[in-house]
Amino acid sequence: SFIGEESVAAGEGSVLTDNPTWIIDPIDGTTNFVHRFPFVAVSIGFVVNKKIEFGIVYSCVEDKMYTARKGKGAFCNGQKLQVSGQQDITKSLLVTELGSNRDPETMKIILSNMERLLSIPIHG
């Protein structure tokens with residue numbers, strides 16, 4: 001099976017089943033792309049029994065290929081990635097994305113979550 005982000009965004013329905021399924025977003029970061037902001041990627045995931053098996057993200061502008069496989073780790077251009085050892089959240093950088101849904105109820109949830117996050121004394 002295939003699920004494409006662009007077709008779902010256009011209103012076509014899709015159902016994730018237990019069948020092996022490719023999930024593809026050919027322009028991940030559409031808003032960035034439209035505004036010529038250089039963080040755009042092609043994102044592909046493969047799911048079996050509704051569980052992700054592997055994913056590939058190609059950051060076009062940066063020419064970086066991110067890959068990850070369940071139980072095998074994540075890589076960038078073949079080099080293993082790992083999370084930071086930082087355990088003190090006050091020394092961390094918070095990065096978030098607000099999404100594109102401007103439905104009032106959704107916005108209320110997003111802003112409530114942001115308020116909770118911003119109350120943590122983080123670097124930025």
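Residues numbered from 1 in each chain as written. Predicted model: local features only at pLDDT ≥ 70, side-chain atom pairs only at ≥ 80, totals over all residues. Heavy atoms only, no water.

- By the naming in an unreviewed UniProt entry, the chain goes by inositol-phosphate phosphatase and is assigned to Bucco capensis.
- Per UniProt, the comment on the chain under Pathway (unreviewed entry) is "Polyol metabolism; myo-inositol biosynthesis; myo-inositol from D-glucose 6-phosphate: step 2/2." (UniProt positions renumbered as here; feature names shortened; annotations may be inferred.)

**Here we look at the packing of aromatic side chains**
Stage number 1. Enumeration according to the criterion identifies four aromatic pairs in this entry.
Stage number 2. Judged by centre distance (5.8 Å) and plane angle (75°), the rings of W22 and F54 are edge-to-face. Residue W22 is located in strand β2 (residues 21–28), and its partner F54 is located in strand β4 (residues 51–59); the two are separated by 32 residues in the primary sequence.
Stage number 3. Taking relative accessible area as the criterion, F54 reaches 25% and is therefore assigned partly exposed.
Stage number 4. Through a chain of ring-to-ring contacts, three or more aromatic side chains come together here, namely W22, F46 and F54. (Phe/Tyr/Trp six-rings, centres within 6.5 Å; stacked < 30°, edge-to-face > 60°. Helix = DSSP H or I, 4+ residues; strand = E, 2+ residues; numbered from the N terminus. Buried < 20%, exposed > 50% of the residue type's maximum accessible area, 1.4 Å probe, protein only.)

**Examining the UniProt feature "binding site: Mg(2+)" (unreviewed entry) in the chain**
Stage number 1. In this numbering, the UniProt entry assigns the feature "binding site: Mg(2+)" (unreviewed entry) to E5, D25, I27 and D28. Spatially, the listed residues are clustered: although they cover 24 residues, their C-alpha atoms lie within 8.7 Å of one another.
Stage number 2. Tracing the backbone through its elements, the reader meets E5 in helix α1 (residues 5–9).
Stage number 3. Apart from residues no more than four positions distant in its own chain, E5 is found in contact with I24 and D25.
Stage number 4. Within the fold, D28 resides in strand β2.
Stage number 5. Using a relative accessible area of 33% as the deciding quantity, one classes D28 as partly exposed.
Stage number 6. Excluding residues within four positions of it along the chain, D28 makes contact with F39, V40, A41 and S43. (Contact = heavy atoms within 4.5 Å.)

**Side note on the pairing of strand β3 (residues 41–48)**
Stage number 1. Sheet topology places β2 next to β3; six bridges connect them, and they run antiparallel. Looking at the pairing, T21 lines up with V47 of β3.
Stage number 2. Summarising the sheet, β3 and β4 pair through eight bridges and their orientation is antiparallel. For G45, the partnering residue across the bridge sits in β4 and is G55.
Stage number 3. In this antiparallel pair of consecutive strands, β3 and β4, the connection spans two residues, and N49 shows a positive phi of 55°. (Pairing = 2+ DSSP bridges.)

**Considerations on the environment of F54**
Stage number 1. With 64 residues separating them along the chain, F54 and L118 place their C-alpha atoms 32 Å apart.
Stage number 2. Residues in contact with F54, not counting those within four places in the same chain, are W22, I44, G45, F46, A68 and R69.

**Looking at the domain arrangement of the chain**
Stage number 1. We note that the domain assignment places domain 1 (2–80) and domain 2 (89–119) within the chain.
Stage number 2. For domain 1 versus domain 2, the distance between C-alpha centres works out to 23 Å. (Domains from an automatic or database assignment.)

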